[in-house]
Amino acid sequence: MTNAVCFQCGHLKFGSFLACDQCQAKPQTDEELIVSLAMSDHYFDQATLDSMGEYTKENGHPPQLDPESEKTFRKNLEDVKASGVLDQLFENPEN
């Protein structure tokens, strides 16, 4: 399944959109959802995820996406929203 970096603390976690088991942050806004989607093993290898996590820990925020990547991931997020997956995740209070 999906390994991802927490957008808030940089901890490696399971699932882009699930709460972080380290800091309990769960992406809510489109910007948080986009960066959470981007910082996953669907798009980057483990070494890159580790670097993203270290950056987030050191700087207190995730790396910024360049405008073209942000546009692509925004489109990907819209596809995820259209699939109904986020509705199911947000309806289940355990996530």
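S.K.: I would appreciate a short explanation of the overall build of the chain in the present structure.
M.R.: Counting its secondary structure elements, the chain contains 4 helices and 2 strands. Each helix (α) and strand (β) of the chain, taken in turn from the N terminus, gives the series β-β-α-α-α-α. Here the C-alpha radius of gyration of the chain, 12 Å, is about what a compact globule of 95 residues would show, namely 12 Å. Principal-axis analysis of the C-alpha atoms places the extent of the chain at approximately 35 × 30 × 20 Å. A burial count over the chain gives 37% of its 95 residues as buried. The long-range share in the chain, meaning contacts at least 24 apart out of those at least 6 apart in sequence, stands at 50%. A total of about 5,700 Å² of accessible surface is found on the chain, and carbon and sulfur atoms cover 50% of it. On the chain, the mean spot of the 7 positive side-chain charges and the mean spot of the 17 negative ones are 4 Å from each other.

S.K.: Help me understand the packing of aromatic side chains in this model?
M.R.: Within a pair of aromatic rings, the relevant descriptors are the distance that separates the centres and the angle that separates the planes. Within this structure, the stated rule accounts for 1 aromatic pair. Centre to centre, the rings of Y43 and F73 are 4.8 Å apart; their planes meet at 90°, and the pair counts as edge-to-face. Remark: F73 occurs in helix α3 (residues 67-83) and Y43 occurs in the loop between α1 (30-38) and α2 (46-59); sequence separation between them is 30 residues.

S.K.: Explain the environment of E78 here, please?
M.R.: Note that E78 resides in helix α3. E78 sits in the partly exposed class, given a relative accessible area of 38%.

S.K.: Where do I start with the side chain of S40 in this structure?
M.R.: Note on placement: S40 falls in the loop between α1 and α2. With a relative accessible area of 0%, S40 lands in the buried category. Apart from the residues within four sequence positions on either side, S40 is in contact with T2, N3, A4, S16 and L49.

S.K.: Help me understand the nonpolar core in this model?
M.R.: Nonpolar side chains tend toward joint burial in soluble globular proteins. Residues F17, L18, L33, I34, L37, A38, F73, L77, V80, L86 and L89 constitute the largest nonpolar core, which totals 11 residues. For this core, the secondary-structure elements that each account for two or more residues are α1, α3 and α4 (85-91). With 4 residues, the top contributor of residues to this core is α1. Beyond its immediate sequence surroundings of up to four residues, F73 is in contact with I34, L37, A38, Y43 and L65. Core analysis: the next-biggest nonpolar cluster, separate from the first, contains 9 residues, V5, C6, C20 and V35 among them.

S.K.: Please clarify how α1 should be interpreted in this entry.
M.R.: Residues spaced three or four apart along an α-helix face the same direction, because each turn holds 3.6 residues. Of the residues making up α1, those classed as buried are L33, I34, V35, S36, L37 and A38. The elements touched by buried residues of α1 are β1 (3-5), α3 and α4.

The rules behind the values
Every residue gets a number counted from 1 within its own chain, in the order that chain's sequence is written. Predicted model: local features are reported for residues with pLDDT of at least 70 only, side-chain atom pairs are reported and counted for 80 or more only, and whole-chain, interface and lining totals are derived from all residues. In computing side-chain properties, one takes all heavy atoms of the structure into account and sets aside hydrogens as well as water. Working definition: helices are DSSP H or I runs of at least four residues, strands are E runs of at least two. Numbering for both runs from the N terminus. Restricting the calculation to C-alpha atoms gives the radius of gyration, and the globule rule supplies 2.2 Å times the number of residues raised to the power 0.38. When accessible area is computed with a 1.4 Å probe and restricted to protein chains, residues below 20% of their type maximum are described as buried, those above 50% as exposed, and intermediate ones as partly exposed. Any two residues having at least one pair of non-hydrogen atoms within 4.5 Å are treated as being in contact. Under the convention used here, a 1.4 Å probe and the Shrake-Rupley method define accessible areas, while residue burial counts only the protein chains that appear. His is not counted, nor are the chain ends, whereas Lys and Arg count as positive and Asp and Glu as negative. Taken as the charge location is NZ of Lys, CZ of Arg, CG of Asp or CD of Glu. A pair of aromatic rings is counted whenever rings of Phe, Tyr or Trp (Trp by its six-membered ring) have centres within 6.5 Å, and the orientation is called stacked for planes under 30 degrees apart, edge-to-face for over 60 and tilted otherwise. Residues grouped as a nonpolar core are buried Ala, Val, Leu, Ile, Met, Phe, Trp, Tyr and Cys residues, joined through side-chain atoms within 4.5 Å.

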